[in-house]
Every structure is written in C-alpha cells, then in structure tokens.
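Chain by chain, the residues:
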Amino acid sequence: MPKLNILVGSMYGGALDVAEQVKPLFEQAGYTVAILEQPSVADITGDADLVLFCVSTTGSGDFPGNFVPFVRSLREQSPSLTSLRYGLIALGDSSYGDTFCGAGRALDALLEDHGATRLGERLEVDAMETFMADDAAIPWAEEWIVDQQLKVA
C-alpha cells in the first residue's frame, strides 16, 4: 500500500482535528496513513509516497510551537525535496490581516524553494468564516484525492 504522512502543526488542536478527520478518506483510497505531531525532515524525505501538511498559524503569522523544530531543521539541512509531492491545509484567522495563514504560506514557499511539488491548490481555512475547519477540509480532501488520481486500485 502507498503511504501518506500527515504532518501537523497545531497550537490548540484545530489542525490535528483536521488531520484526524481527513485520515479515513485517504485510508478508503488505499493509503496507509500516519499522523505526525512532532514531525522531522525524515518524515518528508523517507518512504512516504505523499505528504499532507495541516498547519495552523499563531501570533503574527508564526508556526505553532510543535512545528518550529521541523521548520528549523528543514532550513538548516536544506535537503533536496524534488521527489516530494504534497498537499497543504493552512488554518488561520483573517482578522489578523496580512499574517492570515502566514505559517501555511511560509511553509509552502519553503517547500517550493527546496524543489517540492505541491499537488493542487493550498486550502486556506479562515476561522472568521468557518467555525469547524474540517467542514472545509473534508470536501477539499475528497476533491484533492480525485483530482490527483490518488486512488489506488
């Protein structure tokens, strides 16, 4: 079975909840899924066929505390990620203006700088419009699976 790693950056549990809600969709599509709350660079350079990031934004566009060591390691190690195929669900609050989904946007740019390929569009979930982030994430994940032909025979 192909493997999907879901890397979670969450301060209050919203991004983790999204990861847990979309996990069964990928399992139904034939994937073995691991949710990683303390991710490492090895989780995106190892044996995963696909990676999904679920990342919330804190403060002034910052990464959640559990995700900071991952980002720091990624910047320090600067690995080639040309074989990485990923999706990104970014959670934020538009009342913060320019820093809305800042962590997700920064992660997307960092991954692109290292040669990774994002599959489809980044989902940005606005807490001002969507009370439960999984209400936006589940339909996005369902469409993403179909659009990227991720179903396994």
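Remember, predicted model here, so these are calculated numbers, not experimental data.

**Q** In this structure, what is going on with the overall build of the protein? I would like to understand it.
**A** Per the secondary structure count, the protein includes five helices and six strands. What you see in the protein, going N to C, is helices and strands ordered as β-α-β-α-β-α-β-α-β-β-α. For a compact globule of 153 residues, the expected C-alpha radius of gyration is about 15 Å, and the protein comes in at 14 Å, within 12% of that figure. Over its C-alpha atoms, taken along the principal directions, the protein stretches across nearly 45 × 35 × 25 Å. Relative to its full complement of 153 residues, the protein shows a buried share of 48%. Residue pairs at least 24 apart in sequence account for 79% of intrachain contacts in the protein once pairs closer than 6 positions are excluded. Carbon and sulfur atoms make up 46% of the accessible area of the protein, which amounts to about 7,500 Å² in all. Within the protein, the 23 negative side-chain charges are centred at a point lying 6 Å from the centre of the 9 positive side-chain charges.

**Q** How do you make sense of the pattern of salt bridges when you look at a structure like this?
**A** For the structure shown, the criterion picks out six salt bridges. The salt bridge involving Arg122 is made with Glu124; its shortest N-O contact spans 2.9 Å. Among the residues examined, Glu124 registers a relative accessible area of 26% and is labelled partly exposed. Overlapping salt bridges bring together Arg105, Asp108, Arg118, Arg122 and Glu124 as one network.

**Q** Hey, could you run me through the packing of helix 1 (residues 14-28) against helix 5 (residues 134-147) in this one?
**A** Any two packed helices are characterised by the angle at which their axes cross and by the distance between the axes. Where helix 1 contacts helix 5, the two axes come as close as 9 Å, and the packing angle between them is 30°. As summarised for this structure, helix 1 and helix 5 are arranged roughly parallel, according to the angle between their axes. In this structure, helix 1 meets helix 5 at a crossing whose hand is right-handed. Across the interface between the two elements, Asp17, Val18, Gln21, Val22, Leu25 and Phe26 of helix 1 pack against Asp134, Ala137, Ile138, Ala141, Glu142, Trp144 and Ile145 of helix 5. In the contact of helix 1 with helix 5, the residues fall into nine nonpolar, one polar and three charged.

**Q** How should helix 5 be read in this particular structure?
**A** With 14 residues, helix 5 should cover 20 Å at 1.5 Å per step; its first-to-last C-alpha distance of 19 Å lies within 8% of that length. Within helix 5, the full set of buried residues consists of Asp134, Ala137, Trp140, Ala141, Trp144 and Ile145. For helix 5, the buried positions fall inside an angular range of 135° around the axis, keeping them on one side. Within helix 5, the exposed residues directed more than 90 degrees away from the buried face are Asp135, Glu143 and Val146. Elements in contact with the buried residues of helix 5: helix 1, strand 3 (50-56), strand 4 (85-92) and strand 6 (123-126).

Parameters and conventions
Residues numbered from 1 in each chain as written. Predicted model: local features only at pLDDT ≥ 70, side-chain atom pairs only at ≥ 80, totals over all residues. Heavy atoms only, no water. Helix = DSSP H or I, 4+ residues; strand = E, 2+ residues; numbered from the N terminus. Rg over C-alpha atoms; globule rule 2.2 N^0.38 Å. Buried < 20%, exposed > 50% of the residue type's maximum accessible area, 1.4 Å probe, protein only. Contact = heavy atoms within 4.5 Å. Areas by Shrake-Rupley, 256 points an atom, 1.4 Å probe, with all protein chains shown as cover. Lys, Arg positive; Asp, Glu negative; His and termini not counted. Charge placed at Lys NZ, Arg CZ, Asp CG, Glu CD. Salt bridge = Lys/Arg side-chain N within 4 Å of Asp/Glu carboxyl O. Axes fitted to C-alpha atoms, helices over the stretch in contact; angles between N-to-C directions. Parallel < 35°, antiparallel > 145°, perpendicular 65-115°, else oblique. Left-handed = near helix turned anticlockwise from the far one by under 90°. Nonpolar A, V, L, I, M, F, W, Y, C, P; charged D, E, K, R; others polar. Expected span 1.5 Å × (residues − 1). Arc of directions from axis to C-beta.

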